[in-house]
Amino acid sequence: MLTQPLHNSQQYMKVVGEQQLSIDAGQSSTEAREAQFLLDLLPSSRAFGSGYHTTLLDLIMSVLRHLLMFVGLVSLEATASFSPGSRSILRDIGNAIAGDQKDNAFELNATNFDSVFRDTPAKYAVLEFFAHWCPACRNYKPHYEKVARLFNGPDAVHPGLVLMARVDCAVKMNVKLCDKFSITHYPVLFWAPPRKFVGGSWGPKQDKSEIILMDDWRTSDLLLSWINKQIGSSYGLDDQKFGNDHLLPNMSDHEQISQALYDIEEATEEAFDIILSHKAIKSSETSTSFVRFLQLLVPHHPSRRCRKGSAEILLNFDELCPSGECSYGHDSAVKNNTLRSFHICGKDLPRGYYMFCRGSKNETRGFSCGLWIMMHSLSVRIEDGESQFAFTAICYFINNFFMCDECRQHFHDMCLSVKTPFKKSRDIVLWLWSTHNKVNERLKKDEASLGTGDPKFPKMIWPPKQLCPSCYLSSTDWDHDEVYKFLKKYYGEKLVSSHKKNGDGGSSKEEVVVAAAAEEMAVPTNALVVPVGAALAIALASCAFGALACYWRTQQKNRKYYHNPHYLKRYNSNFMVMNTFSNNESEREKER
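Residues numbered from 1 in each chain as written. Predicted model: local features only at pLDDT ≥ 70, side-chain atom pairs only at ≥ 80, totals over all residues. Heavy atoms only, no water.

## Considering the overall build of the chain
A count of helical and extended segments in the chain gives 19 helices and 5 strands. Going through the 592 residues of the chain one by one, you find that 45% of them count as buried. A total accessible area of about 30900 Å² is found for the chain, and carbon and sulfur atoms account for 55% of it. (Helix = DSSP H or I, 4+ residues; strand = E, 2+ residues; numbered from the N terminus. Buried < 20%, exposed > 50% of the residue type's maximum accessible area, 1.4 Å probe, protein only. Areas by Shrake-Rupley, 256 points an atom, 1.4 Å probe, with all protein chains shown as cover.)

## What about the sheet that holds strand 2 (residues 124-130)?
Through backbone hydrogen bonds, the strands of a sheet pair up, either in parallel or in antiparallel fashion. Across the sheet, 5 strands lie side by side as 1-3-2-4-5; this open sheet has mixed pairing. This sheet does not close on itself; its edge strands, each paired only once, are strand 1 (106-108) and strand 5 (212-213). With 5 bridges connecting them, strand 2 and strand 4 (residues 188-192) associate as antiparallel partners. Its bridge partner being in strand 4, Val126 is matched across the sheet by Trp191. Packed on one face of the sheet, helix 5 (residues 135-151) meets strand 2, strand 3 (162-168) and strand 4 and runs near 155° to strand 3. Against the sheet, helix 8 (residues 220-231) touches strand 2, strand 3, strand 4 and strand 5, its axis set at about 20° to strand 4. (Pairing = 2+ DSSP bridges. Contact = heavy atoms within 4.5 Å. Axes fitted to C-alpha atoms, helices over the stretch in contact; angles between N-to-C directions.)

## Quick notes on the pattern of salt bridges
This structure, assessed with the given rule, holds 11 salt bridges. In this structure, the salt-bridge partner of Arg305 is Asp119, at a minimum N-O distance of 3.8 Å. Placement of Arg305 in helix 11 (residues 304-320) and of Asp119 in helix 4 (residues 113-119) is noted, with a sequence separation of 186 residues between them. With a shortest N-O distance of 3.7 Å, Glu482 and Lys485 are connected by a salt bridge. (Salt bridge = Lys/Arg side-chain N within 4 Å of Asp/Glu carboxyl O.)

## Considerations on the nonpolar core
One finds Ile281, Phe290, Leu296, Leu339, Ile373, Trp431 and Leu487 to be the most contacted residues of the largest nonpolar core, which totals 79 residues. Elements supplying a minimum of two residues to this core: helix 9 (260-277), helix 10 (284-300), helix 11, helix 12 (367-379), helix 13 (387-401), helix 14 (405-416), helix 15 (425-450) and helix 16 (480-501). It is helix 13 that contributes the most residues to this core, 9 residues altogether. Grouped together as the second largest cluster of nonpolar side chains are 23 residues, Phe106, Phe129, Ile183 and Ile211 included. (Core = buried A, V, L, I, M, F, W, Y, C linked by side-chain atoms within 4.5 Å.)

## Concerning unusual backbone geometry
The peptide bond linking Tyr186 to Pro187 adopts the cis configuration, its omega dihedral lying at -15°. Take Pro187: it is sitting in the loop between helix 6 (175-180) and strand 4. In this structure, Pro463 follows Trp462 across a cis peptide bond, with omega equal to 0°. At Asp216, a residue that is not glycine, the phi angle is positive and equals roughly 55°.

## Observations regarding the layout of surface pockets
Taken as a whole, the second largest pocket holds about 1100 Å³ of empty space. Lining the second largest pocket are 41 residues, with Ser368, Trp372, His436, Asn440 and Lys459 positioned closest to its centre. When contributions to the lining of the second largest pocket are tallied by element, the ones reaching two or more residues are helix 12, helix 14, helix 15 and helix 16. Tallied by class, the residues present in the lining of the second largest pocket amount to 24 nonpolar, 8 polar and 9 charged. (1 Å grid on protein atoms, 1.4 Å probe; cavity = no way out; pocket = protein on both sides within 12 Å on 5 of 7 lines; lining within 4 Å. Points joined across faces, edges and corners; volume = space filled by probe spheres on them. Nonpolar A, V, L, I, M, F, W, Y, C, P; charged D, E, K, R; others polar.)

## Comments concerning the confidence of the model for the chain
Per-residue confidence for the chain gives a mean pLDDT of 73; residues scoring 70 or more make up 62%. Below pLDDT 50 for its whole length, residues 502-532 participates in 35 contacts with residues either more than four positions away or in separate chains. In the model, residues 559-582 has pLDDT below 50 throughout and makes 8 contacts with residues more than four positions away in sequence or in other chains. (pLDDT = per-residue confidence, 0-100.)

Spelled out as structure tokens, the structure:
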């Protein structure tokens, strides 16, 4: 729990560690830091006594250092071997055959196949199996690309509906994958909800399968016609961008929020890009504001990818922006050591389009809508002791980094109007809701008089009665307890569970929640080598440290008795007493 602002990245990462924040081990930079961290745990020989060195000690230390360096290199190599990542769906994969022309269909392989279909926001998917040496496949590619243009990429006309992908069976690593789908000739096309392809297979003798072998797709017209029949649409190959007939106008449909998670990621990345393009972090004040907002994002952003990316930036921020002055690195030669080399929600964002926040016109909704949803989703995830910190982090972030000057000033004035510090999470949730409605009221009047609003999505007081009837005591009075319950559920549970449920079939609510929690806690497959190697290194280091401790203790005892003047005096005193006692006994013997 963040009970007070933390003013540097190292201090905050310690707190995050206490909150059991787990950062995926899929990035090579992270692995290098982990390896160096383990090396730094090893004490130097100076720690065992001033000026005291031994050959055995140096040997053990050297072995340990080389062992941990080896483990780090193995981890890096493993990461490099399995680097496709969970957001491969958004990667723009160049095609050597097409030269500079970019493909709209996503080319998959055995390592990114499951993650792409698991993470795509699309409701349906078309999957082509082909071979690059096949003349018929090469001739069919232009037809497939014409249809993919409608659904894939930042310039998609109808984004978020159909994922168009392909797998090259002539590549050795994809042979087993193609065998799972019983591919005996090329090209072959399948249709299914994306999640059904995850770990899926197909065979000609399967009676019941949601993966459908497509027919009648030999031209782009035939392929699009087949898709239109499946989803009940009437799209054409000549459709232009922002044909929004697929948008859901029914505001009482709770499932609309299932697409908002992708828009939150988009808005988070776009906000980060705006900060970079304007070089907005230029003083200790703006630097502190940015760090505070990252401290809010790391534990509470609804997207695991954005939590991880925020943590990466926060971890390196002191080095990237010493004294609040950041290096942005437009020059590719220095880009790797600047803020521009980091991606707050992953390398493949922004996509360039919104789904839940998409307006009926190009200039409406989009980023501002996604930013509001992000702030609402953050507010419902904080705990009581964090409410004031969250409030100040949001206010300072908007004041310093939202580039619409009039909007920024209005928001800042509403922040200044709060005179009593927030103590409970309910306070920040209801304040942000009330603030959003005040903004909508102001903009509704302006847009009505100027005709600049979105005709399909006019500004309204939110939530409407059809979404939350119990929130209204009358047409003008609110039941704030009911509003709070609704906001917590809508931007918390609904936003995540609806997203997880989308494409999962008939899972029960309990199964959806458990699956969502499991996915949040799971370590990606491509990172399994790292924890095993790290665990082995730590175990060996622990044993070695034990041996070193025993060795050090023995040596310290020796030094204690042989080199400490106090004990040397004591030892010499005892020696003199024993000699005196022995001499006296000898004299007595002689007398006898």
